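Below, each chain spelled out in residue letters.
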Amino acid sequence: PCRFELVESENGIKVILDVAHNPPAMEYLIRKLIEQYPNQKYRFVVGMSADKDLGQCVRSILKVTSPSSIHIVEAQHPRSAKIEDILEIDSSLKDEGCFDLEDRSITKQVLDALTKAKEKNEMLVVCGSVFLMAESREALGFDEPRDSDCIQQVAGASIRAKNLHQQENFGTNSK
């Protein structure tokens, strides 16, 4: 799943799920979209890990769609890039992109993107970090297996920084 995976949403929208999360993978995804769906308009839901080249990935997406067709999300994982960091890449994302700093849920943006894709006859592409795929697939109606709370805790999925520039402090009780 999530390697150029084509699914159809309940409202009839074709959706591509792909874990393209670095510049070569994003370029490959864009080339494959153009090759397989050359006359299609695209709408993207994208979220990345903070340690990737966010700028190059966003520039790849902007080659095939406008900022107003990009929904920016932030997975609930400590390695996820903040929405604000992605917005800093290109001023047009702040002005025209789709995001919600109050409700950062992936589900909200996927559902919003599905509605807009239906209105504008677009294909929806959900891409980026593997950390956003389970929630994206659930928003699309898939019954996704989840790791136990214990495994999520060990993997760090429940740890979030208190502010945008604070690093996690693993293994100590100091504040």
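Residues numbered from 1 in each chain as written. Predicted model: local features only at pLDDT ≥ 70, side-chain atom pairs only at ≥ 80, totals over all residues. Heavy atoms only, no water.

(A) Inspection of the confidence of the model for the chain at higher detail. When pLDDT is averaged across the chain, the result is 85; 82% of the residues are at 70 or more. Segment residues 158-175: pLDDT under 50, and 20 contacts once partners within four positions in sequence are set aside and those in other chains are kept. (pLDDT = per-residue confidence, 0-100. Contact = heavy atoms within 4.5 Å.)

(B) Up close: the pattern of salt bridges. Under the criterion given, the structure shown has 10 salt bridges. Lys116 is the salt-bridge partner of Asp112, the closest N and O atoms lying 3.5 Å from each other. One end of the pair, Asp112, and the other, Lys116, are both in helix 5 (residues 106-120), four residues apart, so they sit about a helical turn from each other. For Asp112, a relative accessible area of 25% puts it in the partly exposed group. Linked by salt bridges that have partners in common, Glu74, Lys82, Glu84 and Arg104 make up one network. (Salt bridge = Lys/Arg side-chain N within 4 Å of Asp/Glu carboxyl O. Helix = DSSP H or I, 4+ residues; strand = E, 2+ residues; numbered from the N terminus. Buried < 20%, exposed > 50% of the residue type's maximum accessible area, 1.4 Å probe, protein only.)

(C) Quick peek at unusual backbone geometry. The backbone of Phe4 sits at a positive phi, close to 50°, despite the residue not being glycine. Its location among the elements puts Phe4 in the segment before strand 1 (5-8). Of note, the phi angle at Asn121 is positive, near 55°, even though the residue is not glycine. With respect to the element layout, Asn121 can be found in the loop between helix 5 and strand 5 (122-128).

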